[in-house]
Amino acid sequence: IDHKYVGSPSIVIMPDGTYIASHDYFGKQISDTFIYMSQDKGNTWTLISTIQSLNWATLFNIENELYLIGIRPAGTMGYGDFVVHKSLDQGFTWTIPIDSTTGLIKRGFYHCAPVPVVCHNNRYWRALENMGQKWGWGPFSALMTSIPCGLDLLDSSNWTFSNELKYDSSWKSNSTAWLEGNAILSPNGEIKDVLRVAYIPDDVAAVVSVSSDGKKLSFNPEVDYVHFPGGGKKFTIRYDEKSHKYLSITNYVLSKDRSKTNNGAIRNTLVLISSDNLIDWSINDTILTCENPSLFGFQYVDWVFDNEDIVFVSRTAWRDSTGLPPRQHDANYLTFHRMVDFRKNLNQKQ
């Protein structure tokens, strides 16, 4: 076994209908990011480029400008500098972050995942975490980054960073960290950072408030934890303009698969969940499920709307020509999926 596992799937649809997907590798290595293109709605894919030393990156486009926003790792844990790469030819060639005007936004030991970039109040917003050191896992500090629309995303002087909120495990018994936050616009017009919570029973997310200027985060552990099915694993939240609902695809743990010690490791089921207010979430549909959660997993899903469908990419652990994966966490595939006519089930609850 080479300890080389598929990580950080991300997907975007370009204005001409081209799909672009990306991933990195993890496991005892500093990873590169690999970019793929599909011009037939995801039926076939072609590797078109590789970016050296980039992980946990979000694909994001402004019309025909394509970006990868992620971390240039300093060590094999992945923490490192916050960087932005730009492509003007749909991902075939990319800028390289050499200095503060070419995409090196902030040096440090940052952490993130392929999470949404949202536009609000003439700014782009993206959540981030700070580990603060090269090694270890949690407790991470949450922060929000933002930049005015229309300015150069590669110029660090255009970016605003909020204060940092370090997770405190005393806020919730059996919890250890928050991470992989989603920038999302709330119903009352405020940007929130909705974070995965590493919590043994699972099904909890943290909703952190962001000031209108993007400089101040605040969190009240008495009221800002919400019930969120599958919230102990990475998720992407997006708002659907047609149904007026917030949606996510998560690793909810079925009752037969529940663990008393670590539901965060159980990733063999994907469900579509929705909310009207970012607080009350319900399960609307089971998308994928299988037996043997210790070996198989569909995880770290990133997804986008494609008219009446949802298309998503998954870090998937499944059997291959060499046999079974070592465990559900150690994905050997990047898989592409389509959920047809997803809105038909949004008013159903499971």
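These numbers come from a predicted model, not from an experiment.

### A closer look at the packing of aromatic side chains
Okay, so step 1: Scanning the entire structure with this criterion turns up 26 aromatic pairs.
Okay, so step 2: Relative to phenylalanine 161, the ring of phenylalanine 82 lies with its centre 5.9 Å away and its plane at 90 degrees, an arrangement referred to as edge-to-face. Here phenylalanine 82, found in strand β7 (residues 80–87), pairs with phenylalanine 161, found in strand β12 (residues 160–161); they are 79 residues apart in sequence, far enough to count as distant. Across this residue pair, the class does not change: phenylalanine 82 and phenylalanine 161 are buried.
Okay, so step 3: Summarising the aromatic geometry, the rings of phenylalanine 305 and phenylalanine 342 are spaced 5.7 Å apart at their centres and angled 35 degrees between planes, so their arrangement reads as tilted. With phenylalanine 305 in strand β23 (residues 297–306) and phenylalanine 342 in the segment after β25 (333–339), the pair connects residues that are 37 residues apart, well separated along the chain.
Okay, so step 4: Since its relative accessible area comes to 24%, phenylalanine 305 is described here as partly exposed.
Okay, so step 5: Among the aromatic side chains, those forming a connected cluster through ring pairs are Tyr167, Trp171, Trp178, Phe219 and Tyr225.
Okay, so step 6: Sitting over the ring of tyrosine 199, lysine 172 keeps its end group 5.2 Å from the ring centre.
Okay, so step 7: Directly above the ring of tryptophan 318 sits arginine 319, whose terminal nitrogen or CZ lies 5.1 Å from the centroid.

### A short note on the environment of tyrosine 333
Okay, so step 1: Mapping tyrosine 333 onto the fold places it in strand β25.
Okay, so step 2: When the C-alpha atoms of tyrosine 333 and isoleucine 30 are compared, they prove to be 19 Å apart, with 303 residues separating the residues in sequence.
Okay, so step 3: Apart from the residues within four sequence positions on either side, tyrosine 333 is in contact with Val6, Ser314, Arg315, Thr316, Trp318, Arg319 and Asp320.
Okay, so step 4: Here the side chain of tyrosine 333 touches arginine 319 through a polar contact of 3.2 Å, landing on its backbone oxygen.

### Things to note about the sheet that holds strand β4 (residues 46–51)
Okay, so step 1: Reading across the sheet, the 4 strands line up as β1-β2-β3-β4 and stay open at both edges, with antiparallel pairing between neighbours. One side of each edge strand has no neighbouring strand; the edge strands of this open sheet are β1 (5–13) and β4. Each neighbouring strand pair of the sheet contributes to a mean axis angle of 25 degrees, computed without reference to strand direction.
Okay, so step 2: Looking at chain direction, β1 and strand β2 (residues 19–26) are connected through 7 bridges and run antiparallel. In the strand pairing of β2, isoleucine 13 is matched with tyrosine 19.

### A few points about the sheet that holds β23
In any sheet, the strands associate via hydrogen bonds between backbone groups, in a parallel or an antiparallel arrangement.
Okay, so step 1: Judged by pairing direction, the sheet is antiparallel, and its 3 strands sit side by side in the order β23-β24-β25 without closing on themselves. The sheet is open, and its two borders are formed by β23 and β25, each paired with just one other strand. Across this sheet, the average inter-strand angle for adjacent strands is 20 degrees, counted without regard to direction.
Okay, so step 2: Relative to β25, strand β24 (residues 309–317) is paired through 7 bridges, and the arrangement is antiparallel. From the neighbouring strand, arginine 315 faces β25, where its bridge partner is leucine 334.

### Observations concerning the pattern of salt bridges
Okay, so step 1: Enumeration over the complete set of coordinates arrives at 16 salt bridges.
Okay, so step 2: Arginine 107 is the partner of aspartate 81 in a salt bridge, and the nearest nitrogen-oxygen pair spans 3.6 Å. Of the two residues, aspartate 81 sits in strand β7 while arginine 107 sits in strand β8 (residues 104–111), which places them 26 residues apart along the sequence.
Okay, so step 3: Under the relative-accessibility criterion, aspartate 81 is labelled buried at 12%.
Okay, so step 4: Across the pair aspartate 203 and arginine 258 runs a salt bridge, and its minimum N-O distance is 2.9 Å. Residue aspartate 203 is found in the loop between β15 (191–199) and β16 (204–210), and its partner arginine 258 is found in the loop between β20 (245–250) and β21 (269–275); the two are separated by 55 residues along the sequence.
Okay, so step 5: Judged by relative accessible area, which is 32%, arginine 258 ranks as partly exposed.
Okay, so step 6: Residues joined in a network through salt bridges with shared partners are Asp240, Lys242, Glu308 and Arg343.

How each quantity is defined
Residues numbered from 1 in each chain as written. Predicted model: local features only at pLDDT ≥ 70, side-chain atom pairs only at ≥ 80, totals over all residues. Heavy atoms only, no water. Phe/Tyr/Trp six-rings, centres within 6.5 Å; stacked < 30°, edge-to-face > 60°. Helix = DSSP H or I, 4+ residues; strand = E, 2+ residues; numbered from the N terminus. Buried < 20%, exposed > 50% of the residue type's maximum accessible area, 1.4 Å probe, protein only. Lys NZ or Arg CZ within 6 Å of the ring centre and 35° of its normal. Contact = heavy atoms within 4.5 Å. Polar contact = N/O pair within 3.5 Å; in protein donor to acceptor, adjacent residues only side chain to side chain. Pairing = 2+ DSSP bridges. Axes fitted to C-alpha atoms, helices over the stretch in contact; angles between N-to-C directions. Salt bridge = Lys/Arg side-chain N within 4 Å of Asp/Glu carboxyl O.

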